[in-house]
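Observations on the model geometry
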Amino acid sequence: MNPLKKSARLATVNYDIRGPVLDKARQMEDEGHKIIKLNIGNVAAFGLLPPDEIVQDMIRNLPGAEAAGYTDSKGLFSARKAVVHYTQQLGIAGVAVDDVYLGNGVSELITMAVNGLLDEGDELLVPSPDYPLYTAVTGLAGGKPVHYLCREENGWLPDLADMRAKITPRTKGIAVINPNNPTGAVYPRETLLGILQIAREHGLVILADEIYDKTLFDGAEHVAMASLATDVLVLTFGGLSKNYRSCGFRSGWMIVSGNKAHAQDFIEGLNMLASLRLCANTPGQLAIQTALGGYQSIKDLVAPGGRLARQRDRAYELLSAIPGVSVVKPQGALYMFPRLDPKLYPIADDQQFAYELLAAEKVLIVQGTGFNHGDTQHFRLVFLPHLDDLEEAIARIARFLSGYRKR
Ligand code: PLP
């Protein structure tokens, strides 16, 4: 009998944030080692728990959720209405309850949107570096991810000339992650307007991933892309995982705005895909109204002196002090994407580098190529651990690098 093989589509799929280096870390934990895990933005693992108000309302609502059973495929009216009110605060025009889809986290909705958009061989423009879900689901949908460059020397902002140069007759859309994972960049209005202009000229859909839109440092301003255009179709993704520290509730939304009249067939496809998965989990939906009703305590954590702001500042300071390490200071989200100078640290295989760091110092990071970045000189870390753990982790990275230099 032939061995059962995975589908050919899966052959292109990578998700190194939970990849083989994490498997190795788990094995080491089973053997009794304590690993400092800087690999994943799972805020709860670092004691950043959902706001009590959300938890208490969820508990109160659970008996109702039981009675509700499946909800409408797109989600509960009250929760979608709360998202509509949120769009009004963001300045996104013309959004009705029917334009809002709720999902089990935005991951499910991003997967739905990409599947609804692409035919075999169609192209989606995806940033490099990216949050790797976009590249993965584009391949799974039979499409081709085409990476536009974000420039480190320019604060990791997208290179619009590169984006434009990579458009072909098969391009269907542009994914824009702002604030960005893995780089922490927050895009200025002009950059967003430039991307919208490209989309307008070529009839492309924008997938605007704004899941970190309240996770902002140094007074950075976040502009909702969909607030800047009514003549381009924009799918805006947001949710509770990060801003409301509730990733375990699996609750997110997708907002369809802009040139909807031109996209009726695509929207029918989205409705079909929403129906196929029946609905998002009801308790997660019930949390949305409370969350959007004003409880925004991530703001205290990211404000100057707040826990996340202090951790970001310290991680930046300590990493920048290591010879041959440079890092763009993140203005948003929960990550840093440092660069290792190839003259001091010539890294041929960055997954191997991550394995070696793990084995030697018991610190887990994710290699830059896991984010579809073009070189092997970067890695991503989360600055979520408390200061003492963070300081310890970066001291270990520094020690490892100092040995690496002397090889
Ligand atoms: N989009 C980005 C940019 C992310 O960083 C993440 C999670 O880290 C997600 C989407 C997934 O979010 P969710 O928990 O809502 O599925």
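As the structure is a prediction and not an experimental result, all values here were calculated from the model.

Conventions used here
- Every residue gets a number counted from 1 within its own chain, in the order that chain's sequence is written.
- Owing to the predicted nature of the model, reporting of local features is limited to residues with pLDDT of at least 70; listing and counting of side-chain atom pairs is limited to 80 or more, with chain, interface and lining totals taken over all residues.
- Throughout this description, a residue near a molecule or strand is one whose C-beta atom, derived from the backbone, lies within 6 Å of it.
- Only runs of H or I of at least four residues qualify as helices and only runs of E of at least two qualify as strands under DSSP, and these elements are numbered from the N terminus.
- Two strands qualify as a pair provided DSSP detects at least 2 bridges between them.
- What a helix is expected to span follows from its residue count: subtract one and scale by 1.5 Å.
- In this scheme the burial state of a residue depends on its C-beta neighbours within 10 Å: 20 or more other such atoms mean buried, 12 or fewer mean exposed, and anything in between means partly exposed; the C-beta positions come from the backbone.
- If the strands point away from the viewer and the path from the first strand over the helix to the second runs clockwise, then the crossover is right-handed.
- Interaxial angle, 0 to 180 degrees, is taken between N-to-C directions of lines fitted to C-alpha atoms, where a helix line uses only the stretch in contact.
- Here is the rule for angles: anything less than 35 degrees is roughly parallel, anything more than 145 is roughly antiparallel, 65 through 115 is roughly perpendicular, and the remaining ranges are oblique.
- Left-handed describes a crossing in which the near helix is turned anticlockwise from the far one by less than a right angle; the clockwise case is right-handed.
- Contact definition: two residues whose C-beta atoms, as placed from backbone geometry, lie within 7 Å.
- Charged residues are taken to be Asp, Glu, Lys and Arg, nonpolar residues to be Ala, Val, Leu, Ile, Met, Phe, Trp, Tyr, Cys and Pro, and polar residues to be all remaining types, Gly included.

Description of the site of the ligand
The environment of the ligand is formed by 13 residues, the closest being G105, V106, S107, N181 and S241. The element contributing the most residues to the shell around the ligand is helix 4 (residues 105-117), with three residues.

Brief notes about the sheet that holds strand 11 (residues 335-336)
Judged by pairing direction, the sheet is antiparallel, and its three strands sit side by side in the order 11-15-14 without closing on themselves. Edge positions in the sheet fall to strand 11 and strand 14 (366-367), since each of these pairs with one other strand and no more.

Section: the sheet that holds strand 9 (residues 252-257)
Here we have eight strands laid out as an open sheet, ordered 2-9-8-7-6-3-4-5, and mixed in their pairing. Looking at which strands have only one partner, the edges of the open sheet turn out to be strand 2 (100-103) and strand 5 (157-158). Sheet analysis places strand 7 (residues 205-209) next to strand 8 (residues 234-239), joined by four bridges and oriented parallel. Residue pairing in the sheet places A208 in a bridge with T236 of strand 8.

What about helix 8 (residues 264-276)?
With 13 residues, helix 8 should cover 18 Å at 1.5 Å per step; its first-to-last C-alpha distance of 18 Å lies within 8% of that length. Looking one or two places after helix 8, you find L278, whose phi comes out positive at around 65 degrees.

A short note on the pairing of strand 7
Side-chain direction in a regular strand flips from residue to residue, so the side chains alternate between the two faces of the sheet. In terms of burial, strand 7 is largely enclosed, as five of its five residues are buried. Alternating positions in strand 7 separate into two faces, V205, L207 and D209 on one and I206 and A208 on the other, with burial throughout. Sheet topology note: the strand 6 (residues 171-177)/strand 7 ladder contains five bridges and is parallel. When the sheet's bridge partners are listed, A175 is paired in strand 7 with L207. Remark: the strand 6/helix 7 (residues 189-202)/strand 7 crossover connection has right-handed handedness.

A few points about the packing of helix 4 against helix 8
Here helix 4 crosses helix 8 at 135 degrees, and the two axes come no closer than 9 Å. Accordingly, the angle class assigned to the pair helix 4 and helix 8 is oblique. Remark: the crossing between helix 4 and helix 8 carries right-handed chirality. Only F266, G269, L270, L273 and A274 of helix 8 make contact with helix 4, whose side of the interface consists of M112, A113, N115, G116 and L117. Looking at side-chain class alone, the contact of helix 4 with helix 8 contains seven nonpolar, three polar and no charged residues.

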